[in-house]
Amino acid sequence: MGVSRSSKVVILSAGQGRRLSPLTDDKPKCLIPLSGRSVLHWQLANLHRVGVREAVVVTGFGAELVDGEIAGLSLPGMTVRTLFNPFYPVTDNLATCWLAREELRGDVLLLNGDTLFDPEVAERLLEAPAAEITVTIDRKPTYDDDDMKVLTRGDTLAAIGKTITDYDAESIGFLKFSETGAARFRRHVEQALHTPDGLKRWYLSVIDQIAREAGVVRVQSIEGLGWAEMDFPADVARNLALTERWAACLMAG
């Protein structure tokens, strides 16, 4: 079984990011500026660097602003388009994945709209051994309540969730699907939305279910590489350290 390398990514950017207020009072968090570029621009640029040639950005709050941002980008050879989620105020990201289900076919990446990452993170995920589903993970000495915690067994994901009590890593919000894995994910998303709490569930709850039932979810460590999340105003200063390094590399040619 060879390496499954995707040239397409779906980016979940429908939410407002209220915890980042006042930064997100008039724009979605994917458009927060860092070192001269928005979060979304950095995501797309770093994916472009490693050969991803198609991106679908799922929008919601401030959709017209995201459309304007994308229209102004110059990423030769990369097609970027948007898919609007009109239900973003009343659903969580499981429903967003359902809305984007037709885009989640074949070999495809799925990325949270608030995850920043070194290009090498994307490269490591793309080059990971073939599996139905691959979840990127990092490890650190301690974890907090907001971390998406992961329990691993070797290279396999055993459980994932913010409230699991046994864990040894965290998800960074960046996944890879094979054609078979994407089909399995779509089926489980559809089933999950038929449950009473389906509209308020995270898509990683489905990944947890698949891991526990089928054992086909692999983990790919990106330990030692740079990445960050954009959740709180205090994150901006920390994330600038990452993007300033990228900006310096661009200026150096």
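Here the structure is a predicted model, which means the values were calculated and not measured.

Colleague: Which residues make up the overall build of the protein chain, and what are the values?
Modeller: Across its full length, the protein chain holds seven helices and 13 strands. Seen through its principal axes, the protein chain has C-alpha atoms that stretch 45 × 35 × 35 Å. Pairs at least 24 apart in sequence give 76% of the contacts found in the protein chain among residues at least 6 apart. Accessible area of the protein chain: about 11,100 Å², with a carbon and sulfur share of 52%. One finds the centroid of the 28 positive side-chain charges in the protein chain at a distance of 3 Å from the centroid of its 35 negative side-chain charges.

Colleague: So, the layout of surface pockets: which residues are in play, and what are the values?
Modeller: Which parts of space are left empty comes out when a probe the size of a water molecule is rolled across the atoms. Its boundaries defined by the atoms lining it, the largest pocket holds a volume of some 960 Å³. Forming the walls of the largest pocket are 34 residues, and the residues nearest its centre are Gly15, Lys29, Asp92, Asn93 and Trp202. Residue assignment for the lining of the largest pocket shows that the elements contributing at least two residues are β1 (8-13), α3 (93-99), β11 (169-177) and α6 (203-214). By volume, the second largest pocket amounts to about 330 Å³. What lines the second largest pocket is a set of 14 residues, among which Lys140, Ala228, Glu229, Asp235 and Arg238 lie closest to the centre. Residue classes in the lining of the second largest pocket are distributed as four nonpolar, one polar and nine charged.

Colleague: Break down the nonpolar core for me, with residues and values.
Modeller: Of all hydrophobic cores here, the largest spans 32 residues; its most connected members are Leu110, Phe185, Tyr203 and Ile207. Here this core gets six residues from one element, more than from any other, and that element is α6. Counting 28 residues, the second-largest nonpolar core is a separate cluster that includes Val9, Ile11, Leu47 and Ile222.

Colleague: Tell me about helix α4 (residues 119-126), residues and numbers included.
Modeller: By the burial criterion, the buried members of α4 are Pro119, Val121, Ala122, Leu125 and Leu126. Down the axis of α4, the sector holding all buried residues measures 160°, keeping them to one side.

Colleague: So what about the packing of aromatic side chains? Which residues, and what values?
Modeller: For the structure shown, the criterion picks out five aromatic pairs. Look at Trp42 and Trp246: their rings are 5.4 Å apart centre to centre, the planes differ by 55°, and that puts the pair in the tilted class. Linking Trp42 in helix α1 (residues 39-49) with Trp246 in helix α7 (residues 233-252), this pair joins segments that are 204 residues apart in sequence. Accessibility assignment for this pair places Trp42 and Trp246 in one class, buried. With a centroid separation of 5.0 Å and an interplanar angle of 40°, the aromatic rings of Phe117 and Phe174 are classed as tilted. Of the two residues, Phe117 sits in strand β7 (residues 115-117) while Phe174 sits in strand β11, which places them 57 residues apart along the sequence. Taken as a pair, Phe117 and Phe174 share a single burial class, namely buried. Clustering of aromatic rings is evident, with ring pairs tying together Phe177, Phe185 and Tyr203. Positioned over the ring face of Trp42 is Arg37, at 4.8 Å from the centre of the ring. Over the ring of Tyr167 we find Lys149, and its NZ or CZ is 5.7 Å from the ring centre.

Colleague: Before we move on, could you go through the pairing of strand β8 (residues 133-138) and cite the residues and values that matter?
Modeller: For β8, the buried fraction is high: six of the six residues fall into the buried class. Neither face of β8 is open: one carries Ile133, Val135 and Ile137, the other Thr134, Thr136 and Asp138, and all of them are buried. Sheet analysis places β8 next to β11, joined by five bridges and oriented antiparallel. Bridge pairing in β11 links Ile133 to Phe177. With five bridges connecting them, β8 and strand β12 (residues 217-221) associate as parallel partners. Looking across to β12, one finds that Thr134 is bridged to Arg218.

About the criteria used
Residues numbered from 1 in each chain as written. Predicted model: local features only at pLDDT ≥ 70, side-chain atom pairs only at ≥ 80, totals over all residues. Heavy atoms only, no water. Helix = DSSP H or I, 4+ residues; strand = E, 2+ residues; numbered from the N terminus. Contact = heavy atoms within 4.5 Å. Areas by Shrake-Rupley, 256 points an atom, 1.4 Å probe, with all protein chains shown as cover. Lys, Arg positive; Asp, Glu negative; His and termini not counted. Charge placed at Lys NZ, Arg CZ, Asp CG, Glu CD. 1 Å grid on protein atoms, 1.4 Å probe; cavity = no way out; pocket = protein on both sides within 12 Å on 5 of 7 lines; lining within 4 Å. Points joined across faces, edges and corners; volume = space filled by probe spheres on them. Nonpolar A, V, L, I, M, F, W, Y, C, P; charged D, E, K, R; others polar. Core = buried A, V, L, I, M, F, W, Y, C linked by side-chain atoms within 4.5 Å. Buried < 20%, exposed > 50% of the residue type's maximum accessible area, 1.4 Å probe, protein only. Arc of directions from axis to C-beta. Phe/Tyr/Trp six-rings, centres within 6.5 Å; stacked < 30°, edge-to-face > 60°. Lys NZ or Arg CZ within 6 Å of the ring centre and 35° of its normal. Pairing = 2+ DSSP bridges.

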